[in-house]
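Per-entry structural report
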Amino acid sequence: MDSSQPGVSDFVLVEEISDAAIVENLRVRFEQDVIYTFIGEVVVSLNPYKNLPIYDAEWVARYKGSNLYEHPPHIYSIAERAYRSLVTQARDQCVLITGESGAGKTEASKIILGYVAGMGDGVKIRDRLVSASPCLEAFGNAKTARNDNSSRFGKYMDLEFDFRGSPIGGKITTYLLEKSRVVNQSGNERSFHIFYQLLAGSSDDLLTRLSLSRTTTDFAYLTAQSPPDLDDAAHYQSVIKSFKDAGVSDSTVGAWLEIVAAVLHLGNVKFEGKTEAPASATAPATVEAGENADQPQQNGDAEKEKTAETVGIERSTVVNEEVLRRVGALLGLDAEKLAQVLTHRSVYDPAKKEKIVLPLGSQQAEKTRDALAKTLYGRLFDHIVSTLNQCISIGSEKGYNVIGVLDIYGFEVMEHNGFDQFLINYCNEKLQQVFVELTLKSEQEDYQKEGIEWTNISYFDNETICDLIDSKKSGFIALLDEESTFAGEPTAKTFLHKLDTNLVKHPHYESRSKQASGKRKSSSNLLTASATPSSTAAAPSKMLAHNEFMLRHYAGDVVYETDGFLDRNVDALWRDVVTTLGESGKSVVREMFPALTGVDGAPDGGDVASTSARTKRPETLATQFRSSMGNLIANLMSKNPHYIRCIKPNAEKAANKFDVELVEHQCRYLGLRENILVRRAGFCYRSAFPKFLNRYKLVGTHISVDPRGTWPTYTGTPREGVQNLLNSALVSGNAYQLGKTKVFIRHPDTILQLEKMRTERKEILATRIKAVWKGSKDRKSLAKEKKKVVKLQAYARRQLEAKRYQKMKASALTIQRHARGYRARKNYKGMKRTLPKYAVVPIQRAWRVHAGRKWLKNVAIVAKEAAEEWKSWESWPALKLKNGKVTRETVQLWARRIHAKRFQAKLTYEDKEKLHWKATAFEHFQKKATFRDVISKPFVLDHLGYTTDPVLKMKWATISPDPIISAITATKLHRHNPGKTAQRILILTATRLYALDPKSSVVKESPTLEEIVGISASLTADGIMILHCPGAEKGDIILRNDEHLIEFLSRLVIAVAARGKAPKVIVDNRLSASFAKGQSIILAFQTGPQLEQVTIKKASDAWHVAVPTSIQPAS
Ligand SMILES: Nc1ncnc2c1ncn2[C@@H]1O[C@H](COP(=O)(O)OP(=O)(O)OP(=O)(O)O)[C@@H](O)[C@H]1O
Ligand SMILES: [Mg+2]
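Described below are features of the structure shown in this document. (Residues numbered from 1 in each chain as written. Chains lettered and ligands numbered in written order. Predicted model: local features only at pLDDT ≥ 70, side-chain atom pairs only at ≥ 80, totals over all residues. Heavy atoms only, no water.)

1. Some details on the overall build of the protein chain
In terms of helices and strands, the protein chain carries 33 helices and 34 strands. Residue burial in the protein chain is summarised as follows: out of 1115 residues, 51% are buried. Surface exposure of the protein chain reaches about 54,000 Å², of which carbon and sulfur atoms provide 53%. (Helix = DSSP H or I, 4+ residues; strand = E, 2+ residues; numbered from the N terminus. Buried < 20%, exposed > 50% of the residue type's maximum accessible area, 1.4 Å probe, protein only. Areas by Shrake-Rupley, 256 points an atom, 1.4 Å probe, with all protein chains shown as cover.)

Shown next as structure tokens:
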């Protein structure tokens, strides 16, 4: 802790504990502008009423991440502690800021909000969260006698954080706005800031559009003059900016300002009353038949109604209609309709089951107008809150933990205290109860439960006051509700009487009748008996007035006036008015007044969101407030609390002024002395054994006296573990006590010391862990590298082995091959030797047949190719290139040529001859129908044996010395009569073609090969051939050989060509033959599927040769 600070920075350390000493310490510090002081974990804050340079970024940085007592007490100490607890313990936190009006709660809440919203990252949402507060202040704060910026509503704001501790959104809950301020302000007080700010700060344009003037006195609802020190114009600009920063659109803010203007104008609407003759003389009201039951108004109104009916009917009209029109225009309503609902009221008569429209007198019309103004403003405020909530909501995301900040209206005592003050003070009473409960009561109870040595410290428990107010059976609120909803004619007087009857015995209740009857009990035991929270508070000794009662609050006695309690509690706005506003042309107004369910004519519950059915009344305001307080307290109790106790140094709102009496009074009722006593005698810190052990177990390692160290885990009981680690940390026995389940640490220093040791130890351990981790990481990476190397080696070895194996395998195979070859050869030789003689010949023959077939197949293929491309054995035709490029076809051609060439190289001379023969057949006769059948058969030169048979050989030798090339038989057709035929033997030599008579072997014709200039054959499957011999005596020769035509003619073509000039070969179905003397005939060939053999019919023009589709060899 900082010893340079004045006084003592933690009250736990002051030498003497008395109220005077506490105040003195505060004063000493205050004079040095040190406004914060600790009481253990509680921060006491004094309002400096001046700006101190202790909230800048440097200060924020100083407290960020620090321990509570590391730096001088500050509001940031609390904010940091709440945030740290949220992050480290993952627990919801709340910060309770209490103190009377003007003590600095709102400022403190904003400082806290700014600090925690700035944690983590979340800049965008931070701006929105921080901007929401000034927006609400403009509409919900007002200048009062106690505070120039007094909160007239309670505010609880939850800040939601994600798991990393970054703010992600928030939610605002507000509590009962003091709406009565809209229509009525006492003394020097003002209405809500926004009215003044709008008039002072808005542009001329906007002002004209809203039909407003800048003078506040022009508006009946603004009674007080604005003090010059409140810069409303500047505030207006900053409020508009805050709305923008919070994410509210300009149009929405504009719509809200229209409603603000409408409220101001509404206050200026005046009514004029006129009393008519009594009810018996004239019809009092318009009667409308209605199904819905309705209930007439209660309380004072009912009283006046009755009077009006008996005395006469008072009607009222709007005096200044143009003002009403302005209101209508701003609210999106028809002015006449508005006038109707302000000056009339429909009431349901249960007896007649009718809805009756009653006229209202001028006073009642004014009352309705004021009720409308209050409700309008109240709902506008709610609308703003819900809009801001939409802007800061986290949407569907789920917040991890929250920090709730509570800033409620402070305890206040005014000159005239009414229903609003009662609720505000009740709220403060409840918060004080939370503080007492959590810091004084439960703490002491905890010591006893845990068996800690403890001398009880007495304190004032305000539970009794809370009971007085909110006890369900006969508490103040129950009585007020009973009276408010009483079907008779309740008045302020009857209400006070009821209070007197029921509460007279309660020491905290006082009234004139109680004073008079001398029943007042000594209040010496009360903290508030001898002092009042402010100079204006009523002295308890003073005689109370007839309409007053007094409650002795924890913070002082407050005299309340009963007038208005009943009306305000019901807070009625008539249903007609609500329905009319629900039909507004402006969407914002419609949203603020949703359609009502229930009955026409019934009063709307004001703040009640929904009206109940006809028999059930809406909840009264006090009951609603009581239950919302109940919820708030339950919510706060469920969170980890942190306290800021705000104290006001003087009532004049002045800087550097310390009113000892006033401060002492606050210290007393805030229970600071008791708080200090409990803290001092008690323990600043407590924790369950396992939790404590878990946090500080690192401390109990190196100097542990117990061989079972607490780090990393303790094996004994948690209690022993705690004892062990405290011994290890050398914490003195006086500094702590061990309870049954918890350890209690007396001084914050001990915790600081433990935290310090923990941090140091953490660093050592972190280094060690780091080293171990690094070692393990290195080992891991080494192992990984090693693994890689081993893998590589294994791979290389495998490769080498594989190569060696392949080599070995290849060698083995070679050896095996040689061995097998050797064995096969040996076997073969053996086989040959052993093979029987008769087997050799058939095997050889079969082999030759096989080889021959193979050869012929090849010959057929190659001959086809050769016929196309291979005109000569020696020379290749030039390759045709397409556009000078090598095409696919060219490549195929090359391939074929190479193939042919290779094949050619293997051929013998005879083979070549035969191949040439086949190729010639391909070239000339491939179109002939018999071609396919004959081409794959071997071509034979001598079909008759003239070259082999010795007899025929000798016969031939007598005819010609020329060697025979080819010999076949043929049928010769007569040149002029195809029916006349003769058999011939055709023998081809290198010079002539001989046609012999087969019987006599006489040469019938023997044209030289030079004479045969052409050869013709048909396309069809017949054996007719024409040898064109134009130079011969008889001309062309017509022959027929159905079997060997192609084979013979191809050989003839080769032989003729060998003589010098190749003959002209015609293969066609229309052929001609020329004979001597210029005669010629045409041979027309035709196929017929039905035919069995070739038939030739001679006609005048031609020979018609009919040929069957398949060949029939000539007989
Ligand atoms: N820490 C502070 N530094 C400077 N001025 C402060 C500080 N706290 C309070 N004030 C001044 O005191 C005024 C009143 O404070 P604040 O509005 O926070 O009181 P409150 O406790 O919220 O009162 P109420 O209950 O009426 O709302 C502020 O407007 C501001 O001028
Ligand atoms: Mg405030």
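2. Section: the coordination of the magnesium ion (ligand 2)
Ideal geometry at a metal gives 109.5 degrees between four tetrahedral donors and either 90 or 180 degrees between six octahedral ones. Surrounding the magnesium ion (ligand 2) are the protein donor atoms Thr106 (OG1) and Ser151 (OG), which sit 1.9 to 2.1 Å from the metal. Of the two residues, Thr106 is situated in helix 4 (residues 105–117) and Ser151 in strand 5 (residues 150–151); the sequence distance between them amounts to 45 residues. Residue Thr106 is classed as buried on the basis of its relative accessible area of 11%. (Donors = N, O, S within 2.8 Å, 3.2 Å for Na, K, Ca; no water.)

3. Some details on the site of ligand 1
As a structural note, the neighbourhood of ligand 1 is formed by 19 residues, with Ser101, Lys105, Thr106, Ser150 and Ser151 the closest of them. Within the backbone of Ala103, one N or O atom sits 3.3 Å away from an oxygen atom of ligand 1. One nitrogen or oxygen atom from the side chain of Thr106 is found 2.7 Å from an oxygen atom belonging to ligand 1. In isolation ligand 1 has 620 Å² of accessible area, and contact with the protein removes 88% of it. Broken down by element, the shell around ligand 1 gets its largest block of residues, three residues, from helix 4. Here the shell around ligand 1 is built from residues that sort into five nonpolar, 10 polar and four charged. (Near = heavy atom within 4 Å. Polar contact = N/O pair within 3.5 Å; in protein donor to acceptor, adjacent residues only side chain to side chain. Nonpolar A, V, L, I, M, F, W, Y, C, P; charged D, E, K, R; others polar.)

4. Concerning a nonpolar patch on the surface
Among the surface-exposed residues, Trp711, Ile769 and Trp773 lie close enough to one another that they form a single nonpolar patch of about 340 Å² accessible area. With respect to the element layout, Ile769 can be found in helix 27 (residues 748–834). (Patch = residues over 30% accessible without salt bridge, like charges linked within 9 Å, V, L, I, M, F, W, Y side chains within 5 Å. Salt bridge = Lys/Arg side-chain N within 4 Å of Asp/Glu carboxyl O.)

5. Considerations on the packing of helix 6 (residues 193–201) against helix 8 (residues 232–246)
Angle between the axes and distance between the axes: these two values describe a pair of packed helices. One way to put it is that helix 6 packs onto helix 8 with a least axis distance of 7 Å and a crossing angle of 100°. Relative to helix 8, helix 6 is oriented roughly perpendicular. Listed contacts from helix 8 to Tyr196, Gln197, Leu198, Ala200 and Gly201 of helix 6 are Asp232, Ala233, His235, Tyr236, Gln237 and Val239. For the contact of helix 6 with helix 8, the per-class residue count stands at six nonpolar, four polar and one charged. (Axes fitted to C-alpha atoms, helices over the stretch in contact; angles between N-to-C directions. Parallel < 35°, antiparallel > 145°, perpendicular 65-115°, else oblique. Contact = heavy atoms within 4.5 Å.)

6. Overview of the packing of helix 1 (residues 19–31) against helix 23 (residues 660–670)
It is the contact of helix 1 with helix 23, at a shortest axis distance of 9 Å, that shows an interaxial angle of 120°. The angle between the axes of helix 1 and helix 23 places the two elements in the oblique class. For the crossing formed where helix 1 meets helix 23, the hand is right-handed. For the pair helix 1 and helix 23, contact is made by Asp19, Ile22, Val23, Leu26 and Arg27 and by Val660, Val663, Glu664, Cys667 and Arg668, respectively. (Left-handed = near helix turned anticlockwise from the far one by under 90°.)

7. Regarding helix 17 (residues 492–503)
With 12 residues, helix 17 ought to run about 16 Å at 1.5 Å a step, and its terminal C-alpha atoms sit 16 Å apart, in line with that. Buried within helix 17 are the following residues: Phe495, Leu496, Lys498, Leu499, Asp500 and Leu503. Those residues of helix 17 that are buried are in contact with helix 15 (463–470), helix 16 (476–484), strand 14 (509–511), helix 18 (512–516), strand 15 (548–553) and helix 19 (565–570). (Expected span 1.5 Å × (residues − 1).)

8. Thoughts on the pairing of strand 6 (residues 154–161)
For strand 6, the tally of buried residues reaches eight of eight residues, placing the bulk of the element in the interior. Here strand 6 shows a buried face lined by Gly154, Tyr156, Asp158 and Glu160 and a second buried face lined by Lys155, Met157, Leu159 and Phe161. Sheet topology places strand 6 next to strand 7 (residues 167–175); eight bridges connect them, and they run antiparallel. Bridging across to strand 7, Gly154 finds its partner in Tyr175. Linkage of strand 6 to strand 7, two consecutive antiparallel strands, is achieved through a turn of five residues, within which Gly165 is found at a positive phi near 90°. The sheet contact formed by strand 6 and strand 13 (residues 401–407) spans seven bridges and is antiparallel. Along strand 13, the bridge assignment pairs Tyr156 with Leu406. (Pairing = 2+ DSSP bridges.)

9. Section: helix 5 (residues 123–140)
Its 18 residues place the ends of helix 5 26 Å apart at the C-alpha level, agreeing with the 26 Å of an ideal helix rising 1.5 Å per residue. Those residues of helix 5 lying buried are Ile125, Leu129, Ser131, Ala132, Ser133, Cys135, Leu136, Glu137, Ala138, Phe139 and Gly140.

10. Describing the packing of aromatic side chains
Both the distance between ring centres and the angle between the ring planes are used here to describe each pair of aromatic rings. Scanning the entire structure with this criterion turns up 33 aromatic pairs. Consider the rings of Phe476 and Phe565, whose centres lie 6.0 Å apart with planes at 70°: the pair is edge-to-face. Linking Phe476 in helix 16 with Phe565 in helix 19, this pair joins segments that are 89 residues apart in sequence. Arranged with centres 5.3 Å apart and planes meeting at 90°, the rings of Tyr554 and Tyr669 form a pair that is edge-to-face. (Phe/Tyr/Trp six-rings, centres within 6.5 Å; stacked < 30°, edge-to-face > 60°.)

11. Description of the pattern of salt bridges
Inspection of the entire model under this criterion finds 43 salt bridges. Lys50 serves as the salt-bridge partner of Asp33, at 2.9 Å between the closest nitrogen and oxygen. Of this pair, Asp33 sits in the loop between helix 1 and strand 1 (36–39) while Lys50 is found in the loop between strand 2 (42–46) and helix 2 (57–63), placing the two residues 17 residues apart along the sequence. Look at Asp33 and you get partly exposed, because its relative accessible area is 30%. Using a relative accessible area of 27% as the deciding quantity, one classes Lys50 as partly exposed. Overlapping salt bridges bring together Arg152, Glu178, Arg181, Glu189 and Glu412 as one network.

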